[in-house]
Amino acid sequence: MAGRLSGGGGAAVYTMAAATLVFVAAPLAVVVALSFSEGALATFPPVGFTTAWYEAVIANEEFQNAFMVSVLLALAATATSFALGVPAAYALDRWPVPGARMIEAALLSPFILPILITGLALLQFLAAMKMRDAAVNLFIGHVLVTLPYLVRTVTASLKQVDRSLEEAATTLGAAPWQVFWRVTVPQIVPGIAAGCLFAFMVSFDDFPISFWLGDAETMPLPIFLHSSMSKVFDPSITAMSSLMILTGILAVIGLEKLVGLRRAMSV
Amino acid sequence: MAKGGTATDLALSGLTKVFGTATVVDRVTLRIAAGEMVALLGPSGCGKTTTLRMIAGLVEPTKGEVLIGGYRITRVPSHRRNIGMLFQNYALFPHMSVAANVAFGLQMRGMAKALIQPKVASALALVQLGDYAERLPSALSGGQQQRVALARAIVIEPSLLLLDEPLGALDRNLRESMQVEIRQIQQRLGITAVMVTHDQEEALTMADRVVIMRDGRLEQVGTPAEIYSRPTSRFVASFIGASNFLRGSVAGRNGDQLQVQLASGGQVLVPSADGGRSEILISVRPEAVGLRRIGETPSASESGTPATVQQIVYRGQTTHVHMRLDDGEPFVAFLPNRQGEQAKTFSAGEKVWASWSSQSNWPVADS
Ligand SMILES: Nc1ncnc2c1ncn2[C@@H]1O[C@H](COP(=O)(O)OP(=O)(O)OP(=O)(O)O)[C@@H](O)[C@H]1O
Ligand SMILES: [Mg+2]
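Note that the coordinates shown come from a computational prediction; the quantities given were computed from them, not determined experimentally.

K.L.:
Even after reading the chapter, I still don't get the interface of chain B and chain A, so can you show me in this structure?
P.N.:
For interface size, the figure often reported is the accessible area lost on association. Each partner contributes residues to the interface: chain B has 21 residues there, and chain A has 17 residues. At the boundary of chain B and chain A, one finds one salt bridge. A salt bridge links R53 of chain B to E167 of chain A, with the nearest nitrogen and oxygen atoms 2.6 Å apart. Between the two partners, chain B and chain A, sit six residue pairs in polar contact (both at pLDDT 80 or more). The set of elements that each furnish at least two residues to the side of chain B that touches chain A consists of β6 (83–86) and α2 (98–108) of chain B. By residue number, the principal contributor to the side of chain B that touches chain A is α2 of chain B, which donates four residues.

K.L.:
Whenever I open this one, unusual backbone geometry confuses me. Can you help?
P.N.:
Keep in mind that most residues, glycine aside, have a negative phi and that most peptide bonds are trans. Residue and element names in this part refer to chain B. Even without a glycine there, the phi angle at R27 is positive, about 45°. Following the sequence through the fold, R27 ends up in strand β2 (residues 22–32). A positive phi is found at E165, a non-glycine position, where the angle reads about 45°. Among the secondary structure elements, E165 is positioned in the loop between β7 (160–164) and α5 (172–189). Relative accessible area serves as the criterion here: at 13%, E165 is assigned to the buried category.

K.L.:
Looking at this model, I keep getting lost on the domain arrangement of chain B. Mind explaining?
P.N.:
Residues and elements named next belong to chain B. Assigned domains of chain B: these are domain 1 (10–237) and domain 2 (242–364). Summarising the inter-unit geometry, the C-alpha centres of domain 1 and domain 2 are found 39 Å apart. Tallying the contact residues gives nine residues for domain 1 and eleven residues for domain 2. Summed over both sides, the interface between domain 1 and domain 2 buries roughly 820 Å², with carbon and sulfur atoms accounting for 51% of that surface.

K.L.:
For this particular structure, what's the right way to read the pattern of salt bridges?
P.N.:
In a structure, side chains of opposite charge can pair up when their charged atoms sit close to one another. Per the stated rule, a full pass over the model turns up 21 salt bridges over all chains. Note that R183 of chain B is salt-bridged to D208 of chain B, the shortest N-O span being 2.6 Å. Residue R183 of chain B is located in helix α5, and its partner D208 of chain B is located in the loop between α6 (200–206) and β9 (209–214); the two are separated by 25 residues in the primary sequence. Relative accessible area serves as the criterion here: at 11%, R183 of chain B is assigned to the buried category. For D366 of chain B, the salt bridge identified is with R234 of chain B, shortest N-O distance 3.6 Å. Of this pair, D366 of chain B sits in the segment after β20 (362–364) while R234 of chain B sits in helix α8 (residues 234–239), and the two are 132 residues apart along the sequence. Ionic contacts of the salt-bridge type, sharing partners, join the residues D93, R94, K159, R163 and E166 of chain A into one network.

K.L.:
So what exactly am I meant to see when it comes to the packing of aromatic side chains here?
P.N.:
Here the distance between the centres and the angle between the planes together describe a pair of aromatic rings. On inspection of all chains with the given rule, the structure shows 16 aromatic pairs over all chains. Judged by centre distance (6.1 Å) and plane angle (45°), the ring pair of Y149 of chain A and F198 of chain A falls under tilted. Remark: F198 of chain A occurs in helix α8 (residues 176–205) and Y149 of chain A occurs in helix α6 (residues 134–160); sequence separation between them is 49 residues. Residue class for Y149 of chain A comes out partly exposed when judged on its relative accessible area of 24%. Take F198 of chain A: its relative accessible area is 32%, and that puts it in the partly exposed class. Among the aromatic residues, those joined into a cluster by ring pairs are F63, F67, F200, F204 and F224 of chain A. Geometry around F245 of chain B places R234 of chain B over its ring, the cationic atom sitting 4.5 Å from the centre. R285 of chain B extends its terminal NZ or CZ atom over the ring of Y228 of chain B, reaching a point 4.0 Å from the ring centre.

Rules used throughout
All residue numbers refer to position in the chain's written sequence, counted from 1. Labels follow written order: the first chain is A, the first ligand is 1, and so on. Only residues with pLDDT of 70 or above have their local features reported here, since the model is predicted, and side-chain atom pairs are shown and tallied only from 80 upward, although totals for entire chains, interfaces and linings are computed over all residues. Side-chain figures throughout are based on the complete set of non-hydrogen atoms in the structure, without hydrogens or water. We call two residues contacting when some pair of their heavy atoms lies within 4.5 Å. Whenever a carboxyl oxygen of Asp or Glu lies within 4 Å of a side-chain nitrogen of Lys or Arg, that contact is scored as a salt bridge. By the criterion applied in these results, polar contacts are pairs of N or O atoms within 3.5 Å in which, for protein atoms, one can donate a hydrogen and the other can accept it, and in which residues neighboring in sequence qualify only through two side-chain atoms. Under the scheme used here, helices are H or I runs from DSSP no shorter than 4 residues and strands are E runs no shorter than 2 residues, and both carry numbers assigned from the N terminus. Buried residues are those whose accessible area, probed at 1.4 Å on protein chains only, stays under 20% of the maximum for their type, while exposed residues exceed 50% and partly exposed ones sit between those limits. The source of the domain bounds is an automatic or database domain assignment. Buried area: the accessible surface (1.4 Å probe) lost by two parts on joining, summed over both. Only Phe, Tyr and Trp rings are paired, with Trp represented by its six-membered ring, and only when their centres lie within 6.5 Å; those with planes under 30 degrees apart are stacked, over 60 edge-to-face, the remainder tilted. Only lysine NZ and arginine CZ atoms are considered, and such an atom sits over a ring when it is within 6 Å of the ring centre and within 35 degrees of the ring normal.

Below, the structure is given as structure tokens:
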């Protein structure tokens, strides 16, 4: 599959990949390095080595609370996006739904609209609806921004499904629902998995929606991080950040174990 | 696997499919006897696949009926039609083992596991893949994959076997052996079968009857020999094998034969039931044609016309001599190389007398 690139094009691709690594991975490495610093401020270079910041962070109830809020919110948003996105993508791709293009565009619109504005609009809308429960509001807001990822990846993998497999199953006596479960789903599992990973990370990482819809009790991790940072910039911030990075890495490893990342990303 | 004894006949009645404004299949009416294998043959886009898919229930006919064993199944959904189908790309389920692929149709019929297992084993044995049961399809060659697909299609004891260019993706040698294998299994099990192909040799080799389609309509239906030796139209004659066409005008009648004056010179006798025509188009197969030097006297039972040799192509079994007639039309002879390179005795630019048995003259419609 992965052919070796040669010539000028190859050099450009390698340069770009290297630059991406440097600009994405190096700052993250700095953050992780600082989280083990014995210094009182999160300034580079780190001094000494300690895990005290992690111990403090993990013992911090506010952090625990924010971490739980974020994990539960991300899981709920991902599960809901899965439950809504897979059937929606299937119907849009396979059934003669009137206005399918419009519906698809609407479902994908959070990709295009500025999320910060979407969040503000949602806040005003929910306030007008007299919905005061921050947990519910956050859930709605997060589903709004995670659903497009499932719709997008599942639609893309449905387009790649070999239709003759479904037809073969049909002629062999499989009813439409049997065709879907026995033949279609196994082929789109990688796309579903990739969509779920994106959805989870987008929600876990989300700032602009949570910024508007969270409150003091229901405060997702990125908001908590931000507000802690404006109080004091000690290495505990970088320890929290490192724990977020770790969560992301664990999600990717989980996906790799489940379906194989290469397959999942080839949507 | 025992012969099911459930062979059923198939009938298509006025089958029509319109996509948008294009009539892709146009009033196709055809009866296929139980146990018969029919090949739909025709140029690309003539509606073969669409016809087959209407039989399978994968495409809904605009008009017309499909009858299996006398029952109208036009409105029966595809998964209740009991049909085995082979696709050009094999369409094996990539996430299931060979055995699971073959078992699929039986599972869909709610058959008990204990009954499925031996049926799968004997179907795989029939296609000589008994040892491959646990492999994934991706670990098989193209020919093996299509044999798995065949096992998967016949294990359900289908009323009908449909094949859409099943061997199109295989190389020539493998294709020929698979043609024989599929044909043998189809005959042994006595399954009624419809095959789509645009490979005329495949159609002639495998089918009891060949259906020539053109622009969505049936052009001619007959046994391979009928289609080959008695094509009704110029289209069929040139689509099946190669053919020379000679224009002529009817000069008189001689019993049940017409005396025809060729535009290229020479008079020939042509079998014909209808003598009303004055202009006629005659098909002559290139392998029926022999060449003489001008001056050698032709025998009385022969037809012939003068021609000029243009090009000589050595093809192994035969040598193709391309000529031009005096009226400017092309003419070709396939000379057998039984005693070495016979055609070498002729050379480009040479004037020759092309001759053939009068029985090789066959009138065709000029369309
Ligand atoms: N779903 C469809 N919508 C619109 N047009 C179609 C559809 N399916 C087939 N056609 C058209 O119908 C015509 C016949 O198609 P069909 O696939 O039956 O041809 P075919 O004889 O099988 O050709 P080939 O030898 O190339 O496979 C083609 O012109 C094709 O473009
Ligand atoms: Mg076709």
